[in-house]
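# Commentary on secondary and tertiary structure
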Number of protein chains: 2
Amino acid sequence: MTTKSHDDLIARRRVLGGAATALGALGLSGWAQAQTSATTPLAAPAAKPLPAYAAWKNPSAVVVHSATTIETRRSAFGSSVITPAQQLYIRNNLPAPDAAIVENRDAWTLDVEGVKQPRSLTLAELKTLGLETVATVLQCSGNGRGFFPSKPSGTPWTVGAAGCVLWSGVPVRNVVAALGGLADGAVFITGTGGEKLPEGVDPLSVVVERSVPIKALGDCLLAWEMNGEPLSLAHGGPLRLIVPGYQGVNNIKYIKRLAFGSTESKAKIMAHGYRMTPPGGQSSPDQASVWEMNVKSWINGPLSDGGPVKAGLVQLHGVAFGGTRAIERVEVSTDGGQTWQTARLVGPDLGRFAWRQFSLEVKLAPGSYQVASRAVDSAGQVQPAERVENAHGYNNNSWRDHAISLAVA
Amino acid sequence: MTTKSHDDLIARRRVLGGAATALGALGLSGWAQAQTSATTPLAAPAAKPLPAYAAWKNPSAVVVHSATTIETRRSAFGSSVITPAQQLYIRNNLPAPDAAIVENRDAWTLDVEGVKQPRSLTLAELKTLGLETVATVLQCSGNGRGFFPSKPSGTPWTVGAAGCVLWSGVPVRNVVAALGGLADGAVFITGTGGEKLPEGVDPLSVVVERSVPIKALGDCLLAWEMNGEPLSLAHGGPLRLIVPGYQGVNNIKYIKRLAFGSTESKAKIMAHGYRMTPPGGQSSPDQASVWEMNVKSWINGPLSDGGPVKAGLVQLHGVAFGGTRAIERVEVSTDGGQTWQTARLVGPDLGRFAWRQFSLEVKLAPGSYQVASRAVDSAGQVQPAERVENAHGYNNNSWRDHAISLAVA
């Protein structure tokens, strides 16, 4: 029911240290890591090793789907509000750039276009223009794809392609003001990632470039720090565009260019990728893009994967978020949604872009329970029972899909 | 000006991996770790290795004074509000217990006395009684001792024996209610740590047992999680008493016994230790104990230890806290306290027990500046210019002592 801690990691590293090094010399370090993952409390669908750029993650808190897709286990979220970097998910659309880019962070440059005085700014210069910290839910728009019976292609995330983290950086509006304000006709904010593009293909077909509506300008941040540490390469360091309340793909890692203009990016990832395409249909730019997150919640504990929960008093807990809107309330059901009780919001409120923790104390007799949660945001939007079917498995906020089976004995 | 990140750690571990393992076999792993620390950006007063129970800490974010006293570097606090576990200070009064105690966390037992129905509770039982999350400043009462010209004995902490962290656990008041309420005559809450005591000495002379006034009852927590992870052995896992707003020593690690009674503990650490003893005097129980923290703040950046800061716009930032009281405002001076400007409070407000970040944008010409900060709490208490002199170097909240010299070029 709980993930391994630092303490367990230490013990394991001690045991594996010698063997891992020897195997590394033989090019077999993946094998040692797979053995390591065998000590995790929950069965992993595939015990792949952590990739080198994310080797500092807690291997027992995550499921490694691939080198660029790593999911937090539901059991690892715990009951605090912030997701530590060691257990935060990763979803990279391209391999991470060379680690050299985080060696001299302050020298990183960002081109700013579509302002009255367009220019290049170093990270050192950006740091002089302002300082803000914002807590946001970071979530892959495909989080919950694993619950689609249609099995859309893409990583079958359940709940763990999400986390709530703190970002420090400069508000984008400060940067715009320092460069004379927006040029005329700004309708979209477009960020371009600094990943190295594969050769021999049309750059537009691979570049990570996304546009969001200009209304997000007041909330956006150019962040160089996450959870109190310099932003890691794995999460977009040295500089990442944060669009609070928007699905993860809009939060451009290694941002090299920030442009304000009248049209959306023509990059494939914007024009065709991440669109709400009808089942069986083809993606096209006229379909809705995955922008603001919708209202969503799920239960994180207790879980009975490792054995039944003891009958009697039980503290059900989970997380709830409303994208750009605050959470108004959360209801919890132990009978698969036939009846609901209002849960208590617990812990500090980190602002409307963060998730809230909730808890409900229930008395459970031995048996089997379908435990679900249903969040309501400040605009009265209610988390729906059913997902919106779509070809690529985006934006799943169905409370039914996110319910858990709880065995009590 | 910044601490090393995860990325740097990975690079270093790759380089050192083989050597460290080989040296470990020779019992020389401390040597390799000392070499590691040589890559830190700031000169360390003593590049001691991290002790085994805290080997997962970020070695470049901390100064290891001893195996039981580890300080966060001022440059490592960054500008977010939460202190990650990897860089949080450690001050243990006794060596940490054997790691076996965190192997089966739910089996840990706590004796509760001074309630109507005294009994032993397992951690599994405690988890059924409630769930709360609170952000608190955790600070050693000797933080700032390093600024006393009298050089009191004890670790010469500067600012880094402090952090702001999230705790999840059960409110102590819930536990009291579940056990029938307080017995008559409860004036103090006494917590006893589960460290193994050295043999052949009077247990009262060494046991970590502290009492706080019963008025703290409404805020206290029995915590099993810190910053979203199971509480590590290094920080008191599996179970720690959290007394929000009180100096660190009152937050009993590995808590084995929680008692409500009419008198303070007779343990030496309570009766004679941690008292506000006049300079040159002897400690005695009639002197004030280090309980509530006083109002305090300091600047965390930018720092010019690694070279002067560039002239022009500068974003000065730091942290401020008021113990049990919220921060009302923070003022910043760049001329050693002759003139002050009100800083901006930035980032989420995590409640009155957490610290607030503050920032002030200033334009600095080349030169040398004495940068200080001065916090005011919700009761109007102003952080003083001078420390209260005392024999053991406790409770230093002098803004003058905490000021930094900033070189600008």
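Residues numbered from 1 in each chain as written. Chains lettered and ligands numbered in written order. Predicted model: local features only at pLDDT ≥ 70, side-chain atom pairs only at ≥ 80, totals over all residues. Heavy atoms only, no water.

By the naming in an unreviewed UniProt entry, chain A is Sulfite oxidase, taken from Roseateles subflavus. We quote the UniProt Cofactor (unreviewed entry) comment for chain A here in full: "Mo-molybdopterin". (UniProt positions renumbered as here; feature names shortened; annotations may be inferred.)

Right, let's talk about the environment of Thr-342 of chain A for a bit. Residues and elements named next belong to chain A. Within the secondary structure, Thr-342 is located in strand E17 (residues 341-342). Placed 13 residues apart in sequence, Thr-342 and Arg-329 show a C-alpha to C-alpha distance of 7.3 Å. Dropping the residues within four chain positions of it, Thr-342 is found in contact with Arg-329, Val-330, Glu-331 and Leu-360. (Helix = DSSP H or I, 4+ residues; strand = E, 2+ residues; numbered from the N terminus. Contact = heavy atoms within 4.5 Å.)

Turning our attention to the relation of the copies chain B and chain A. When chain B is fitted to chain A, the residual RMSD is 0.0 Å, and the transformation amounts to a turn of 180° plus an axial shift of 0.0 Å. Here the symmetry operator amounts to a two-fold rotation axis. Most of the interface of chain B is mirrored in chain A: 100% of its interface residues are interface residues there too. (Least-squares fit on C-alpha atoms with pLDDT ≥ 70 in both.)

With that out of the way, let us pick up the interface of chain B and chain A. On the side of chain A, 59 residues touch chain B, which itself brings 59 residues to the contact. With both sides pooled, the region where chain B packs onto chain A buries about 4,500 Å², and carbon together with sulfur makes up 54% of that total. Scanning the region where chain B abuts chain A turns up 2 salt bridges. Linking Glu-132 of chain B and Arg-344 of chain A is a salt bridge whose minimum nitrogen-to-oxygen distance equals 3.5 Å. The interface formed by chain B and chain A includes 23 residue pairs in polar contact (both at pLDDT 80 or more). Elements with a minimum of two residues in the side of chain B that touches chain A: helix H1 (6-25), strand E6 (132-139), strand E7 (162-171), strand E11 (229-230), strand E15 (312-321), strand E18 (344-346) and strand E19 (356-364) of chain B. Take the side of chain B that touches chain A: its biggest share by element is 7 residues, from H1 of chain B. (Buried area = accessible area lost by both parts, 1.4 Å probe. Salt bridge = Lys/Arg side-chain N within 4 Å of Asp/Glu carboxyl O. Polar contact = N/O pair within 3.5 Å; in protein donor to acceptor, adjacent residues only side chain to side chain.)

Here we come to the pairing of strand E10 (residues 221-226) of chain B. Residues and elements named next belong to chain B. In terms of residue burial, E10 counts as a mostly covered element, since 6 of its 6 residues are buried. Relative to E11, E10 is paired through 2 bridges, and the arrangement is antiparallel. Paired with Glu-225 across the two strands is Pro-230, which belongs to E11. Where E10 folds back on E11, the antiparallel hairpin that results is connected by 2 residues, among which Asn-227 adopts a positive phi of roughly 50°. (Buried < 20%, exposed > 50% of the residue type's maximum accessible area, 1.4 Å probe, protein only. Pairing = 2+ DSSP bridges.)

Here we come to the sheet that holds strand E3 (residues 90-91) of chain B. Strands pair in a sheet through their backbones, by hydrogen bonds, and they do so in one of two ways: parallel or antiparallel. Residue and element names in this part refer to chain B. The 3 strands lie next to each other as E1-E2-E3, forming an open sheet whose pairing is antiparallel. This sheet does not close on itself; its edge strands, each paired only once, are strand E1 (62-66) and E3. Pairing of E1 with strand E2 (residues 69-72) involves 4 bridges; the strand directions are antiparallel. Considered in E2, the bridge of Val-64 is made with Ile-70.

Time to look at the UniProt feature "domain: Moybdenum cofactor oxidoreductase dimerisation" (unreviewed entry) in chain A. Sites flagged by UniProt as "domain: Moybdenum cofactor oxidoreductase dimerisation" (unreviewed entry) map to residues 289-404 of chain A. The distance from the first to the last C-alpha atom of residues 289-404 of chain A is 29 Å, and the span holds 3% helix and 42% strand.

On to the side chain of Gln-247 of chain B, then. Residues and elements named next belong to chain B. You can see Gln-247 is positioned in the loop between strand E12 (240-242) and strand E13 (255-261). Residue classification places Gln-247 among the buried residues on the basis of a relative accessible area of 1%. A distance of 3.1 Å separates the side chain of Gln-247 from the side chain of Gln-139, its partner in a polar contact. For Gln-247, the residues in contact, after removing those within four places along its chain, are Gln-139, Cys-140, Ser-141, Val-290, Trp-291, Met-293 and Asn-395.

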